[in-house]
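The primary structure of each chain is shown beneath.
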Amino acid sequence: MNKRQAELDQIRAVAFAPDWRMRAVWLGFVAYVIYATGQLNFTWERFVVGLDRGATFLGRMFPPEFKRWELLAEGLLESLQIAIISSAVGILLSLPIGLLAARNLMPVAVTVPARAFIALARSFHPIIIAIIFVKAIGFGPLAGILALIFASIGFVAKLFAEAIEEISLKQVEAVRATGASFMGVVIMGVLPQVFSRFIGFATYQLDSNLRQSTMVGIVGGGGIGGTLFSAFRRFDYDFVCAILISIIAMIMIGELIASWLRKTFQ
Amino acid sequence: MSVAEDQTSRSAERAPAGKVTRDNVLSLRGLTKAYERGKPVISDISLDFPARGVVAIIGPSGTGKSTLIRCINRLVEPTSGQVLLGGTDLTKLRGAGLRAARREIGMVFQEYNLVERLSVIENLLCGRLGYVPLWRVWMRRYPDEDIAHAFALLERVGLADFATRRADALSGGQRQRVGIARAVMQSPRLLLADEPTSSLDPRTSVEIMELMRDMAAERDIPVIINIHDVALARRFASRIVGMSGGSVVYDGPPEGLNDDHLTQIYGRSETGGWIG
């Protein structure tokens, strides 16, 4: 009995053993933050100067100037179009690509290239992709649309593939047993299991594309971003403020629509 | 093995072993499945299933009953042997040919395996996937006669009021009724059932067995049921196949099944006797 007690004590000691490796990692992290802050010359004086400039900047932003509303509306509309077109095409393309990347339904020869493509689409920030497309096909909304389609595939196809990998294969087996073809199995056995999650990913991506579409303009990909960037360069800070307020309004409306979509489809 | 030999005379009356006759809907010849090389889960199984009646396959879990039944419609790929459905060897089929054969074999599952997020009526119509063109499936535009048939079947299993409910809103017994109706929707020549009552309470189990027996009899098709519950097997089956260690050790009528057979199939019972 005593021997058993000793064994139990041994197990207990291991169960709550201190994790020295984890502690070392945390310590290293904190040390690096302190070191990096020193490297970047953050001084109190620099902060005070910054505050001063910030105050001047804010003062020039108000009141916002909406006189050039036509320019504003044009840019916003273009951003909206970029967001909607890129979401529609990107999400539609994500369906087959995500399906091809699902390891529980597809052979390795198919999933590896599909996963490689998704990884490529995910590896760059949309702005970098937008710069590449602007250089490749020229200024304008088409470059922005292509960039955001690419980004949408990276996000939606990956999550869609993961959702498919989590489905119940028992339901799929039953549909296969009826003599259904592969696409029949996908339509009736796989999609019903992942559809509501797919709607979730898609509305999230629409929301995200709405925000990104205001950015691609900065690098020449069309939309309100271009207007915002030139307003900054001309020091038209009151117009900048008007643009920022409009963007906030558009994003909020977009969020409302997205959550309404989610509710409707679930 | 002596038990099986005892029964050969009996099964010989039903169908001459080794020969595929027109009376047999399904014949298995030397069916073997090894997931790992050299370790067969079922080995060299030869059975004939006549055109009607309920056959129960009994045996402890892990003895290959599920593998055997899945080898029939090739949800599991047999390693060797033949599966003859009406004279066609299913093990040779691929692609469209295999799917056409599968749609003639209805299957009922232990955990019902309904598509949970589809409505009950849509689950039934899944039984037509082997017949209906893909665009109709995609658009949910099933032929009128299929829809009428589905509602008639739902009424038969007592669930017509639940047609538009989602499958995951039903109780276990109700789901299994839908599972049976889906299998029958295929207009099959044969019904397979893999432990159809294992997830159900005793009373519902009896109801499900009755429903399966009766619906198969109405359509004049045979049923092959994997079941570990000997009492249910005795009550509903006209023939019992006992499996142990991947082989058939008993094949005959329920009355012929005695304690010695059961000991051979399930091992020694701790309480001493077998009460069927």
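Residues numbered from 1 in each chain as written. Chains lettered and ligands numbered in written order. Predicted model: local features only at pLDDT ≥ 70, side-chain atom pairs only at ≥ 80, totals over all residues. Heavy atoms only, no water.

**Things to note about the sheet that holds strand β7 (residues 190-194) of chain B**
Residue and element names in this part refer to chain B.
Stage number 1. Sheet architecture is open: six strands sit in the order β6-β7-β8-β3-β9-β10, paired in mixed fashion. Lying at the two open borders of the sheet, with one neighbouring strand each, are β6 (105-108) and β10 (247-252). In this sheet, adjacent strand axes meet at a mean angle of 20° when their direction is disregarded.
Stage number 2. The pairing of β7 with strand β8 (residues 223-226) spans four bridges and is classified as parallel. Looking at the pairing, Asp194 lines up with Asn226 of β8.
Stage number 3. The sheet contacts of helix α7 (residues 172-185) involve β6 and β7, and relative to β6 the element is tilted by about 170°. (Pairing = 2+ DSSP bridges. Helix = DSSP H or I, 4+ residues; strand = E, 2+ residues; numbered from the N terminus. Axes fitted to C-alpha atoms, helices over the stretch in contact; angles between N-to-C directions. Contact = heavy atoms within 4.5 Å.)

**Section: the pattern of salt bridges**
For side chains bearing opposite charge, pairing can occur when the charged atoms are close.
Stage number 1. Following the criterion strictly, the structure yields 29 salt bridges over all chains and no others.
Stage number 2. Of the charged contacts, one joins Arg70 of chain B and Asp194 of chain B as a salt bridge, the two residues approaching to 2.6 Å between their closest N and O atoms. Of the two residues, Arg70 of chain B is situated in helix α2 (residues 65-72) and Asp194 of chain B in strand β7; the sequence distance between them amounts to 124 residues. Residue Arg70 of chain B shares its accessibility class with Asp194 of chain B, and that shared class is buried.
Stage number 3. Connected via shared salt-bridge partners are Arg68, Arg234 and Asp236 of chain A. (Salt bridge = Lys/Arg side-chain N within 4 Å of Asp/Glu carboxyl O. Buried < 20%, exposed > 50% of the residue type's maximum accessible area, 1.4 Å probe, protein only.)

**Considering the sheet that holds strand β4 (residues 80-85) of chain B**
Paired through their backbone hydrogen bonds, the strands of a sheet run either parallel or antiparallel.
All names here are of chain B.
Stage number 1. Spatially, four strands are ordered β2-β1-β4-β5 in an open sheet, and the strand pairing comes out antiparallel. A strand with exactly one partner marks an edge of an open sheet, and here the two such strands are β2 (39-50) and β5 (88-89).
Stage number 2. Bridge analysis of β4 against β5 gives two bridges, and the strand direction is antiparallel. Along β5, the bridge assignment pairs Leu85 with Thr88.
Stage number 3. Contacts between α2 and the sheet are confined to β1 (24-36), β2 and β4, with β1 contributing the most and set at about 120° to the helix.

**Regarding unusual backbone geometry**
Residues and elements named next belong to chain B.
Stage number 1. The backbone of Arg74 shows a phi angle near 55°, a positive value even though the residue is not glycine.
Stage number 2. Relative to the elements of secondary structure, Arg74 occurs in the loop between α2 and β4.
Stage number 3. Take Arg74: its relative accessible area is 9%, and that puts it in the buried class.
Stage number 4. At Asn113, a residue that is not glycine, the phi angle is positive and equals roughly 50°.

**Examining the environment of Ile127 of chain A**
All names here are of chain A.
Stage number 1. With respect to the secondary-structure elements, Ile127 resides in helix α6 (residues 126-137).
Stage number 2. By relative accessible area, which is 18% here, Ile127 ends up buried.
Stage number 3. Residues Ile127 and Leu148, 21 residues apart in the sequence, show an inter-C-alpha distance of 9.0 Å.
Stage number 4. Not counting residues within four places of it along the chain, the set of residues in contact with Ile127 comprises Met215, Val216 and Val219.

**Here's the deal with the domain arrangement of chain B**
Residues and elements named next belong to chain B.
Stage number 1. Each domain of chain B was delimited in the assignment, giving domain 1 (2-104 + 191-266) and domain 2 (115-187).
Stage number 2. Averaged C-alpha coordinates put domain 1 and domain 2 at centres separated by 26 Å.
Stage number 3. Taken together, the contact between domain 1 and domain 2 spans 14 residues of the former and 13 residues of the latter.
Stage number 4. Of the roughly 1,300 Å² buried at the junction of domain 1 and domain 2 (both faces included), carbon and sulfur atoms supply 64%.
Stage number 5. Three residues stand out in domain 1 for area buried against domain 2, namely Arg103, Leu211 and Met215, and they jointly supply 44% of the buried area on that side.
Stage number 6. Along the contact surface separating domain 1 from domain 2 lie two salt bridges.
Stage number 7. A salt bridge links Glu207 to Arg177; the nearest nitrogen and oxygen atoms lie 3.6 Å apart.
Stage number 8. There are five residue pairs in polar contact (both at pLDDT 80 or more) connecting domain 1 and domain 2.
Stage number 9. Considering every element that reaches the side of domain 1 that touches domain 2, the biggest residue donor is helix α8 (residues 202-219), with nine residues.
Stage number 10. Classifying every residue of the side of domain 1 that touches domain 2 by side-chain character gives seven nonpolar, one polar and six charged. (Domains from an automatic or database assignment. Buried area = accessible area lost by both parts, 1.4 Å probe. Polar contact = N/O pair within 3.5 Å; in protein donor to acceptor, adjacent residues only side chain to side chain. Nonpolar A, V, L, I, M, F, W, Y, C, P; charged D, E, K, R; others polar.)

**A few points about the pairing of strand β9 (residues 239-244) of chain B**
For a regular strand, the rule is simple: side chains alternate between the two faces of the sheet.
All names here are of chain B.
Stage number 1. Among the six residues that make up β9, five are buried, leaving the element largely enclosed by the rest of the structure.
Stage number 2. Pairing of strand β3 (residues 54-58) with β9 involves four bridges; the strand directions are parallel. For Ile57, the partnering residue across the bridge sits in β9 and is Val241.
Stage number 3. Pairing geometry for β9 and β10, over five bridges, is antiparallel. Bridging from a neighbouring strand, Gly242 pairs with Tyr250 of β10.
Stage number 4. As consecutive antiparallel partners, β9 and β10 are separated by two residues, and within that stretch Gly245 has a phi angle of approximately 55°, a positive value.

**Structural notes on the packing of helix α4 (residues 69-101) of chain A against helix α7 (residues 141-165) of chain A**
Residue and element names in this part refer to chain A.
Stage number 1. It is the contact of α4 with α7, at a shortest axis distance of 6 Å, that shows an interaxial angle of 35°. Relative to α7, α4 is oriented so that their crossing is right-handed.
Stage number 2. Looking at side-chain class alone, the contact of α4 with α7 contains 19 nonpolar, six polar and two charged residues. (Left-handed = near helix turned anticlockwise from the far one by under 90°.)

**Focus on the packing of aromatic side chains**
All names here are of chain A.
Stage number 1. For the structure shown, the criterion picks out nine aromatic pairs over all chains.
Stage number 2. Ring geometry for Phe133 versus Phe150: centroids 6.4 Å apart, planes at 75°, classification edge-to-face. Highlighted residues: Phe133 in helix α6 and Phe150 in helix α7, separated in sequence by 17 residues.
Stage number 3. In textbook terms, an aromatic cluster arises when at least three aromatic residues are bridged by ring pairs, as seen for Phe57, Phe232, Phe235 and Tyr237. (Phe/Tyr/Trp six-rings, centres within 6.5 Å; stacked < 30°, edge-to-face > 60°.)

**Brief notes about the interface of chain B and chain A**
How big an interface is tends to be stated in terms of accessible area lost as the parts join.
Stage number 1. Counting residues at the interface gives 29 residues for chain B and 20 residues for chain A.
Stage number 2. Summing both sides of the interface, chain B and chain A together bury roughly 2,100 Å²; the carbon and sulfur share of this comes to 63%.
Stage number 3. The tally of links between chain B and chain A comes to two salt bridges.
Stage number 4. Two residues, Arg70 of chain B and Glu173 of chain A, come together in a salt bridge whose shortest N-O distance is 2.7 Å.
Stage number 5. Scanning the region where chain B abuts chain A turns up six residue pairs in polar contact (both at pLDDT 80 or more).
Stage number 6. Counting only elements with at least two residues in the side of chain B that touches chain A, the list comes to α3 (95-102), β6, α4 (120-126) and α5 (134-138) of chain B.
Stage number 7. Of the residues belonging to the side of chain B that touches chain A, the class tally is 13 nonpolar, five polar and eleven charged.

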